[in-house]
Amino acid sequence: MSAFTNEHFSALFDPNVVVVAGASTHPGKFGFVALHNILASGFRGDVYATNREQQEVLGRPTFASIAALPCEQIDLVFLCTPPQFNEEVLRQAASKGAKAVFVASAGYREASAEGAEAERQLVALGQELDLLIVGPNGQGLVSTPKSLCAQIVAPYPPAGSIGIASQSGNFVSSFLNLSRQAKVGVSRAISVGNAASVGVVEMAEFFADDPATSVALLYVEGIEDGRDFAERMHRVCQKIPVVIMKGGRSQQGARAAASHTGSLATDDVVFDGMCRQIGAHRANSIAEAFDFAAAFATMNLPEGPRLGIVTTVGGWGVLAADASASTNLELATLPQDLEERLNELLPPRWSKNNPIDLAGGETKDTIVDVLNAVVAHDAFDSVLLLGMGIQSNQAKLEEFGGFYPDFGLERIVSFHYRQDARYVTEALRLGREEEKAVAIATELAIGDPDNAAVQAVVDQGGYCFSSAERAVFALGQLYRRRLWLEHQ
């Protein structure tokens, strides 16, 4: 377990007083950007900044040092000063009661042997002063419960329950960008940089007991003690789902990881097996990692492997069926009573099989009636709905095609927008009511995020997958967690 206490992590993620040490008047410097982002995100607390020349930054006064601050108690220091000044800053921070320091400064282990020695001294000093030190060479942290964006880059995400910890700052940015695009929110996010004192494991342990966080999304490049990592992450996985993306899979990637954060890569096959054993969910790309995390954050775990697919066009169903063959899911056989009910709702040309291809037989209420029949049926543990948003896509072209609102276009455009939203809303409502995993997938999640169907998913607090295959793979991970928990 981490040697640090709740008091340390509270100062890091839920501070009341934040100090940017080394604030700069230059808009390209870390000390300017960090202060800007804290203020711009609307941090709910007090913010101070230090600058040796006491220059005004962003219209705010600065102080020559932390010792000169007009307050007795501070919580978090965001360190942008050069390494040679950091010992002095840390001692002053501790004298003001600080418990956490985020070190954005570079030039440590990742740079040279001398930098590695300076990093060891930094860690030793932090231990002496009882400071939780994150970094060095880190990008920053986000804590949406405090409206805190203490980062040297954008973006700031919507609030939610995904906790992100990464050995690469840029991957934090990538995940936050996907959060903004999908409107599936983040609780905490942090770049651990060189992880000299604390790393991804410690952050995951905090997430596991954090009421604001329901799933951990992690990026790692190297692990110093594989047994310790496995044992501690196993305990985390027993509390919350954990999604891991790992860099350095190949020899070339391992060399890049070493030059990036000074990490030593682990054997990839061993790491993959370890993830399965401890209950972590390994992803192969940024997009897949976010898919898995968003699914855990927004969907129920399926009780079993039986997948039902409802689609307005056959091709999408075929690809979803293909994808299911690569997972632990199985396409459920349609029971006779359900087939008879669908015969009443659909034209004779419907697929009579799973995937349930509606074959263009939709009327105003058909999709809703089919969903009610399928989602509520005990033959399925999870349901995937495909083809939503197509009519709204056409409606948008009609709305902006030069003929609107004449020729009956105003009425039909409104109808399509309204119906697409209705279908999605009903599907997700049924999923909650039946306590089943119901997924919506359409490329419009990327192609047109303002589409009525996509927006309805967002409005319901869900996640819209951008393809049928990605949705199926995520459903497979949800079911894998159910199996793993049952065998604990």
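Computed from a predicted structure; not experimentally measured.

A.B. asks: What am I meant to see in the environment of Ser161 here?
C.D. replies: Inspection of the secondary structure puts Ser161 in strand β8 (residues 159-166). Leaving out residues up to four positions away in the same chain, Ser161 has contacts with Gly185, Val186, Ser187, Ala212, Thr213, Ser214, Val215 and Ala297. At 2.7 Å, the side chain of Ser161 forms a polar contact with the side chain of Ser214.

A.B. asks: What's the story with the packing of aromatic side chains in this structure? I'm lost.
C.D. replies: We describe a pair of aromatic rings using the distance from one ring centre to the other and the angle between the two ring planes. Across all of its chains, the model carries 11 aromatic pairs by this definition. Considering the side-chain rings of Phe229 and Phe271, the 6.3 Å spacing of their centres and the 40 degrees angle between planes classify their relative orientation as tilted. Placement of Phe229 in helix α7 (residues 226-237) and of Phe271 in helix α9 (residues 268-278) is noted, with a sequence separation of 42 residues between them. A relative accessible area of 4% places Phe229 in the buried class. According to the relative accessible area criterion, Phe271 is buried, its value standing at 3%.

A.B. asks: Hey, could you run me through the side chain of Gln167 in this one?
C.D. replies: Secondary-structure assignment places Gln167 in the loop between β8 and α5 (169-182). Under the relative-accessibility criterion, Gln167 is labelled buried at 9%. A distance of 2.4 Å separates a polar atom in the side chain of Gln167 from the backbone nitrogen of Glu221.

A.B. asks: When you look at the nonpolar core in this model, what are you seeing that I'm missing?
C.D. replies: Nonpolar side chains in soluble globular proteins tend to end up buried together. Within the largest apolar cluster, 58 residues are counted, with the highest numbers of intra-cluster contacts made by Leu12, Ile190 and Met203. Examining the composition of this core, we find that seven residues originate from one element, helix α6 (residues 200-208), more than from any other. Ranked by size, the runner-up nonpolar core spans 46 residues in total, among them Val215, Leu329, Ala437 and Leu478.

A.B. asks: Would you mind showing me how to read the sheet that holds β8 here?
C.D. replies: Pairing between the strands of a sheet is mediated by backbone hydrogen bonds and can be parallel or antiparallel. Strands sit in the order β7-β6-β9-β8-β10-β11-β12 across an open sheet of seven strands; the sheet is mixed. Strand pairing shows two members of the sheet lacking a second neighbour, β7 (148-151) and β12 (281-283), which therefore form its edges. Averaged over all neighbouring strand pairs, the angle between strand axes comes to 20 degrees, with direction disregarded. Both strand β11 (residues 242-246) and β12 contribute to a ladder of three bridges, which runs parallel. Residue pairing for β12: Val243 is matched across the bridge by His281.

A.B. asks: Would you mind showing me how to read the pairing of strand β16 (residues 382-386) here?
C.D. replies: On a regular strand, each side chain points to the face opposite its neighbour's, so the side chains alternate between the two faces of the sheet. Across the five residues of β16, five count as buried, placing the element largely inside the fold. Where burial is concerned, the two faces of β16 agree: the one with Ser382, Leu384 and Leu386 and the one with Val383 and Leu385 are both buried. Examined bridge by bridge, strand β13 (residues 306-311) and β16 share five bridges and lie parallel to one another. Bridge pairing in β16 links Ile309 to Leu384.

A.B. asks: Sorry if this is basic, but what is going on with the sheet that holds strand β4 (residues 100-103) here?
C.D. replies: Sheet architecture is open: five strands sit in the order β2-β1-β3-β4-β5, paired in parallel fashion. The sheet is open, and its two edges are formed by β2 (46-50) and β5 (132-134), each paired on a single side. On average, each strand axis in the sheet is tilted by 20 degrees relative to the strand beside it, whichever way the strands run. Summarising the sheet, strand β3 (residues 76-79) and β4 pair through four bridges and their orientation is parallel. Considered in β4, the bridge of Leu79 is made with Val103. Sitting on the sheet, helix α3 (residues 86-95) is in contact with β1 (17-21), β3, β4 and β5, with an inclination near 170 degrees to β3.

A.B. asks: How should I be thinking about the packing of helix α12 (residues 336-345) against helix α13 (residues 366-375) in this particular structure?
C.D. replies: Any two packed helices are characterised by how steeply their axes cross, that is the angle between the axes, and by the distance between the axes. Their axes nearest at 10 Å, the elements α12 and α13 cross at an angle of 175 degrees. If you check the angle between α12 and α13, you find them roughly antiparallel. Residue-level inspection shows Leu338, Arg341, Leu342 and Leu345 of α12 in contact with α13, the latter providing Thr366, Asp369, Val370, Ala373 and Val374. Of the residues assigned to the contact of α12 with α13, the class counts are six nonpolar, one polar and two charged.

About the thresholds
Residues numbered from 1 in each chain as written. Predicted model: local features only at pLDDT ≥ 70, side-chain atom pairs only at ≥ 80, totals over all residues. Heavy atoms only, no water. Helix = DSSP H or I, 4+ residues; strand = E, 2+ residues; numbered from the N terminus. Contact = heavy atoms within 4.5 Å. Polar contact = N/O pair within 3.5 Å; in protein donor to acceptor, adjacent residues only side chain to side chain. Phe/Tyr/Trp six-rings, centres within 6.5 Å; stacked < 30°, edge-to-face > 60°. Buried < 20%, exposed > 50% of the residue type's maximum accessible area, 1.4 Å probe, protein only. Core = buried A, V, L, I, M, F, W, Y, C linked by side-chain atoms within 4.5 Å. Pairing = 2+ DSSP bridges. Axes fitted to C-alpha atoms, helices over the stretch in contact; angles between N-to-C directions. Parallel < 35°, antiparallel > 145°, perpendicular 65-115°, else oblique. Nonpolar A, V, L, I, M, F, W, Y, C, P; charged D, E, K, R; others polar.

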